[in-house]
Amino acid sequence: MSNPVSDIKQSITALVRAALDAAAASGTLSACAELPAFVVEIPADTSHGDFATNAAMVCARTFRCAPRKVAEAICQNLVLEGSGIERVEIAGPGFINFFLGRGWFSEAVHSVLAQGDAYGRTSFGSGEKVQVEFVSANPTGPMHMGNARGGAIGDCLAAALDWAGYEVTREFYVNDAGNQIEKFGRSLEARYLQIYQGEDAVEFPEDGYHGDDIKARAQEFADLHGNRLVQADGPDRRRELIGYALPKNIEKLRQDLESYRIAYDVWFLESTLHNGAIDQAIQRLSDRGMTYEKEGALWYKATENGGEKDEVLVRANGFPTYFAADIAYHYNKFAVRGFDRVINVWGADHHGHVARLKGAMDAIGLDGSKLDIVLMQLVRLMKDGKPYKMSKRTGKAVSLTDLIEEVPVDAARFYFNMREPNSTFDFDLDLAIEQSAQNPVYYVQYAHARICSILRKLAEEGVSPRACTADELDAMDGPFETELIRCLARFPQEIVETARSYDPAKLTKYAVEAATLFHKFYDKCRIRGEAEPLMQARLNLCLAVRTVLRNVLTILKITVPESM
């Protein structure tokens with residue numbers, strides 16, 4: 001797959017290295033055993049060049065020569081023929097600026113059109129097996145705003161990784177065991193008994209789940225099975241209530257996430273780890289000298305592996321801790337299922353858990369550096385300029401279901417990815433439903449629809465796009481055309497950078513930039529009424545923009561309208 005920006009960067013790097021070798025061979029520069037690394041990048045002001053390198057400055061010490069003299073030696077020995085580079089300039093203390101010929105821009109348009117729906121895909125990930133685990137909400141109640149943001153971030157990150165050439169698995173970890181399920185059972189039990197004995201007669205657990213969803217599940221069970229569990233033993237009653245309510249809650253999670261356009265490859269049940277996997281993980285740690293006993297409990301030597309304090313693995317009552325299950329779960333990811341890299345999307349309140357879990361992977365004989373955690377901050381919902389905290393429907397905190405009843409899924413997925421995961425931001429509910437250029441997702445979608453409208457109107461006049469020659473495409477040399485093409489050429493690299501940084505916000509920002517540049521181009525560059533070759537070249541550019549906007553919105557799982 002083509003990556004115009006990466007390809008030309010590699011070409012410039014090779015040309016500079018060859019020029020340095022030639023300068024050393026001719027005696028202009030002294031010989032050296034190894035050249036230091038240098039960068040080739042797009043300058044902030046592209047009027048100074050399409051690409052620039054700091055090679056002369058980082059190599060100055062190696063050649064014991066002033067940076068500008070090194071730059072002059074490089075430029076004198078550059079072989080530009082056939083490179084697509086038109087000219088070079090030295091700037092400031094020794095930066096070298098590269099100006100590309102029109103052929104590079106024309107080829108970029110051709111690459112977009114030739115690859116179509118596949119444009120943007122690269123082999124950067126080399127098929128590395130990556131698992132992205134995200135949301136993983138407790139199945140004891142509805143999903144909240146943190147889950148809504150985590151879902152959008154995790155799903156879009158997984159898509160970007162797939163486009164960047166990784167083999168990606170999306171996973172939801174179902175916490176269907178442990179303390180929270182015991183609390184879930186006690187909460188259901190109390191609500192069930194209250195139906196028959198009254199709320200005053202049955203005390204509700206102080207640490208129980210107070211949501212209306214618990215009452216609803218208990219009432220559903222009572223409607224189906226009556227009072228037959230009232231006289232049952234507590235453990236049996238709780239077990240049956242959990243057996244009824246938990247699968248329904250998990251299915252509700254699945255349905256809510258599917259309505260949010262998230263489909264997982266794997267739903268992993270924590271309970272499956274309690275069939276020996278936790279014991280095996282603990283034994284591996286013990287075999288490696290990473291555990292000790294104290295006060296009847298089994299402890300993990302976390303402080304020897306980056307943790308702030310040692311952690312209990314097995315309580316004095318014989319029950320494993322959540323941390324023990326987490327170690328077993330991640331051992332399963334790496335050692336059993338063979339993922340090369342694991343990415344977890346967590347709330348920022350889990351910050352303290354990062355180092356100890358990565359350290360536990362080292363302690364158990366794996367590589368903790370292969371475990372990456374994306375920490376996300378909370379979002380503040382705003383409506384009418386004020387914080388919006390309560391659902392109109394329930395009077396409780398706004399859930400994922402409430403959110404997508406308030407705003408379109410397109411807006412939710414786009415907005416939650418408009419900032420880096422580790423940044424807080426205000427989600428403007430009013431703006432999210434506004435159909436104007438002020439609404440970023442509407443603005444991007446409108447650019448796509450506008451291109452479709454242009455094509456429809458021209459078709460009514462008997463004008464259809466045709467393939468253009470390189471010379472015809474070269475004629476698009478104005479500033480608005482050039483900046484737009486430069487943006488399209490960056491798309492594959494933007495996906496690579498998204499995958500590298502675990503930051504889907506790069507794609508939403510890119511989408512807005514591409515839409516903005518298209519609107520500017522269309523306002524400044526006529527299509528209808530121009531000479532046929534230039535009209536067709538600009539139509540080709542419109543088709544290329546439509547392709548890129550469609551692809552980036554597809555990655556974000558946002559609808560791509562043809563009319564608005």
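A. Just the overall build of the protein, in detail. In terms of helices and strands, the protein carries 19 helices and 15 strands. With respect to the three principal axes, the spread of C-alpha positions in the protein is 90 × 65 × 40 Å. Long-range contacts, defined as pairs at least 24 residues apart, comprise 71% of the intrachain contacts of the protein with a sequence gap of at least 6. For the protein, the accessible area works out to roughly 25200 Å², and carbon and sulfur atoms hold 49% of it.

B. Local environment of the pattern of salt bridges. Scanning the model with the defined rule gives 35 salt bridges in all. For arginine 356, the salt bridge is made with glutamate 311, and the minimal N-O distance between the two is 2.7 Å. Taken together, the residues span a long stretch of sequence, with arginine 356 in helix 11 (residues 351-363) and glutamate 311 in strand 10 (residues 311-314) at a distance of 45 residues. A residue is classified by how much of its surface remains accessible, and arginine 356, at 22% relative accessible area, is partly exposed. Taking relative accessible area as the criterion, glutamate 311 reaches 11% and is therefore assigned buried. For aspartate 523, the salt bridge is made with arginine 450, and the minimal N-O distance between the two is 3.4 Å. Here arginine 450 lies in helix 15 (residues 440-460) and aspartate 523 lies in helix 18 (residues 505-524), a separation of 73 residues in the sequence. According to the relative accessible area criterion, aspartate 523 is exposed, its value standing at 55%.

C. Seen up close, the side chain of glutamate 171. Structurally, glutamate 171 can be placed in strand 6 (residues 167-174). At a separation of 3.1 Å, a polar atom in the side chain of glutamate 171 contacts the side chain of glutamine 131. Reaching out from glutamate 171, the side chain makes a polar contact with the side chain of arginine 337 at a distance of 2.6 Å. Ignoring sequence-local partners within four residues, the contact set of glutamate 171 consists of Gln131, Val132, Glu133, Phe134, Ser136, Tyr264, Val266, Phe268, Tyr329 and Arg337.

D. Molecular detail of the sheet that holds strand 12 (residues 371-376). Read from one edge of the open sheet, five strands run 7-6-5-11-12, paired in parallel fashion. Only two strands of the sheet have a single neighbouring strand rather than two, namely strand 7 (266-269) and strand 12. When strand polarity is set aside, the average angle formed by the axes of neighbouring strands in this sheet is 25°. Bridge count between strand 5 (residues 129-133) and strand 6: five bridges; the pairing is parallel. Looking at the pairing, valine 132 lines up with arginine 170 of strand 6. Its contacts with the sheet place helix 8 (residues 234-259) against strand 6 and strand 7, and it is angled at close to 155° to strand 7. Together, strand 11 (341-347) and strand 12 form the strand contacts of helix 11, whose direction differs from that of strand 12 by roughly 175°.

E. Region of interest: the state of the cysteines. Taken as a whole and judged by the stated rule, the model has zero disulfides. No disulfide involves cysteine 75; its sulfur sits 13 Å from that of cysteine 59, the nearest cysteine. Between cysteine 156, a free cysteine, and cysteine 487, which holds the nearest cysteine sulfur, the sulfur-to-sulfur gap is 18 Å.

F. Looking closely at the sheet that holds strand 8 (residues 291-294). The three strands lie next to each other as 8-9-10, forming an open sheet whose pairing is antiparallel. Edge positions in the open sheet fall to strand 8 and strand 10, since each of these has one partner strand only. Between one strand and the next, the sheet's axes are offset by a mean angle of 45°, whatever the strand orientation. Of the strand pairs in this sheet, strand 9 (residues 297-300) and strand 10 are connected by three bridges, and their pairing is antiparallel. The partner of leucine 298 across the bridge, within strand 10, is valine 314.

G. Region of interest: the packing of aromatic side chains. A complete count under the given rule lists 23 aromatic pairs for this structure. Aromatic side chains tyrosine 292 and tryptophan 299 sit 6.3 Å apart centroid to centroid with 10° between the ring planes, which places their arrangement in the stacked category. A ring pair is formed by phenylalanine 416 and phenylalanine 427, whose centres lie 5.1 Å apart and whose planes are at 50°; its orientation type is tilted. With a gap of 11 residues between them, phenylalanine 416 in the loop between helix 13 (409-415) and strand 15 (425-428) and phenylalanine 427 in strand 15 connect regions that are remote in the sequence. This pair shows no difference in class: phenylalanine 416 is buried, exactly as phenylalanine 427 is.

H. Layout of the pairing of strand 8. Two strands pair when backbone bridges link them, and strand 8 and strand 9 are joined in this way by four bridges, in the antiparallel orientation. From the neighbouring strand, lysine 294 faces strand 9, where its bridge partner is alanine 297. What sits between strand 8 and strand 9 in their antiparallel hairpin is a turn of two residues, with glutamate 295 showing a positive phi close to 55°.

Reading the values: rules and limits
- Residues numbered from 1 in each chain as written.
- Predicted model: local features only at pLDDT ≥ 70, side-chain atom pairs only at ≥ 80, totals over all residues.
- Heavy atoms only, no water.
- Helix = DSSP H or I, 4+ residues; strand = E, 2+ residues; numbered from the N terminus.
- Contact = heavy atoms within 4.5 Å.
- Areas by Shrake-Rupley, 256 points an atom, 1.4 Å probe, with all protein chains shown as cover.
- Salt bridge = Lys/Arg side-chain N within 4 Å of Asp/Glu carboxyl O.
- Buried < 20%, exposed > 50% of the residue type's maximum accessible area, 1.4 Å probe, protein only.
- Polar contact = N/O pair within 3.5 Å; in protein donor to acceptor, adjacent residues only side chain to side chain.
- Pairing = 2+ DSSP bridges.
- Axes fitted to C-alpha atoms, helices over the stretch in contact; angles between N-to-C directions.
- Disulfide = S-S within 2.5 Å.
- Phe/Tyr/Trp six-rings, centres within 6.5 Å; stacked < 30°, edge-to-face > 60°.

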